[in-house]
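# Understanding the architecture of this molecule
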Amino acid sequence: MRREGYIIEEIANYANMADSFDQVLRGAARKRSSQGRYLLAHREEVIKELTEAISNGTFSVKDYREREIVEGGKVRRIQILTMHDRIAVHAIMAVVDQHLRKRFIRTTSASIKQRGMHDLMDYIRNDINDDPRGTAYCYKFDIRKFYESVSQDSVMECVRKVFKDKRLINMLDGFVRMMPSGISIGLRSSQGLGNLLLSVHLDHVLKDKLGIRHFYRYCDDGVVLAASKEELWKIRDIIYELVGSIGLTVKPNERIFPVTEGIDFLGYVIYPNHVLLRKRIKKNMARKLGKVKSRKRRRELVASLYGMAKHADCNNMFFKLTGKQMRSFKDLNVSYQPEDGKKRFPGQVVSIRELVNLPIIVKDFETGIKTEQGDDRCLVSIEQGGEMKKFFTNSAEMKNILAQIRQMPDGLPFETVIKTENFGKGRTKYVFT
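Residues numbered from 1 in each chain as written. Predicted model: local features only at pLDDT ≥ 70, side-chain atom pairs only at ≥ 80, totals over all residues. Heavy atoms only, no water.

## Here we look at the confidence of the model for the protein chain
When pLDDT is averaged along the protein chain, the result is 88; 95% of the residues meet or exceed 70. Least confident of the elements in the protein chain is helix α16 (residues 329-332), whose mean pLDDT is 59; most confident is strand β3 (residues 137-142), at 96. (pLDDT = per-residue confidence, 0-100. Helix = DSSP H or I, 4+ residues; strand = E, 2+ residues; numbered from the N terminus.)

Structure representation (structure tokens):
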């Protein structure tokens, strides 16, 4: 495994430090707090101070407080840092997470940028549809008290396999050993480093060394799909051994069962042909909606439920709880209308030269566009190879043809190929054919 270097330089970059400052200080409540007001008043000084501490590897978490929260019916103690320290931790982990992300298997999703529970659920559903025989049975497991039981030495062993800068390793060691045992639930670094530990000791062993095709992990919850129960019992024994090698244990509520019974995972119950919301989520939401009196709060709850229900087959449930029919954005038939009246087309701008002799579909166009090359340019929206693109043209011939086509009842969209024609003294023009 090739180790990463020059990470500190990326972290100490002003853009990263300033972005971390803004991320931690987002929201009116944080800005109005005594900590927030002080930090905002001394923004550049704080960024400079933290940058220097990170650059020489001396930054460490100085203080934190603990608070109890109830999550999924469980009471957890989380550690809350000062906003000053959170800026530095955010800056460090924003870069560290980027380097860790490429080392994770594609079917793990918790606390990984541009992934999430719905992304992972789509993978499971696609695999069940594509390989129904190979996904007939499911083994579902959960690691017992993961954050509280993690071996700090095991985490740091994995960190040293990935990074070689001693300054960075020293700071990450401080994050990992902030608690007497285990790793902090409230510290931002715990999510990425916990993922790294399981990635090294569980994910890559199952996927790469043992070739287990259908394995999915969300934090400390895992699912394996296979063609038979016998195969899953063997995999279950392997998982026990791998998890035990780093001082962790699997909860006794593990199950091996047919997929047709539904996989209770990621807040949903996933069946071969449909998906439902987890029963506990529906009950809790019904209870909250029944008690709420504030219209604003009710709208927030309905929006929250919609955010979950739209990824499942829950139209009837949503209507029963809210009295509203679920509709997607496209059903509302609304679009952005700029004040200048000009259309906005999706896709990247390409040169018309790149489109010569290629089949395209002309979707729409807008005239009277002012560009650096001059006024009254025409912007043409096209689809090429299934991808939306657009190009500018000042060709009087093209503009005239597009204007004629717009007058036809079914003129747009139309298929065409752009060709070049020579005219005059070595001049070239582009035409629709």
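There is more to say, and it comes next.
## A few points about the side chain of Lys390
With respect to the secondary-structure elements, Lys390 resides in strand β13 (residues 387-393). Side-chain polar atoms of Lys390 contact the backbone oxygen of Phe345, separated by 2.7 Å. Setting aside anything within four residues of it in sequence, one finds Lys390 in contact with Phe345, Pro346, Gly347, Gln348, Val349, Val350, Leu379, Val380, Ser381 and Ile382. (Polar contact = N/O pair within 3.5 Å; in protein donor to acceptor, adjacent residues only side chain to side chain. Contact = heavy atoms within 4.5 Å.)

## Focus on the sheet that holds strand β9 (residues 275-277)
Strand order in the open sheet formed by three strands is β7-β8-β9, with antiparallel pairing between adjacent strands. Bordering the open sheet on either side are β7 (263-265) and β9, each of which pairs with just one other strand. Geometrically, the sheet is characterised by an average inter-axis angle of 25 degrees between neighbouring strands, direction not taken into account. In this structure, strand β8 (residues 268-270) lies alongside β9, joined through three bridges in antiparallel fashion. Note on β9: the bridge partner recorded for Val269 is Leu276. (Pairing = 2+ DSSP bridges. Axes fitted to C-alpha atoms, helices over the stretch in contact; angles between N-to-C directions.)

## Concerning the pattern of salt bridges
Applying the stated criterion to the full structure yields 22 salt bridges. We note a salt bridge from Glu300 to Arg297, for which the minimum N-O separation is 3.2 Å. Taken together, the positions of Glu300 and Arg297, both in helix α14 (residues 295-309) and three residues apart, correspond to about one turn of that helix. For Arg406, the salt bridge is made with Asp364, and the minimal N-O distance between the two is 3.3 Å. Of this pair, Arg406 sits in helix α17 (residues 396-407) while Asp364 sits in strand β11 (residues 359-371), placing them 42 residues apart in sequence. Residues joined by salt bridges that share partners form a network here, namely Glu9, Asp165 and Arg167. (Salt bridge = Lys/Arg side-chain N within 4 Å of Asp/Glu carboxyl O.)

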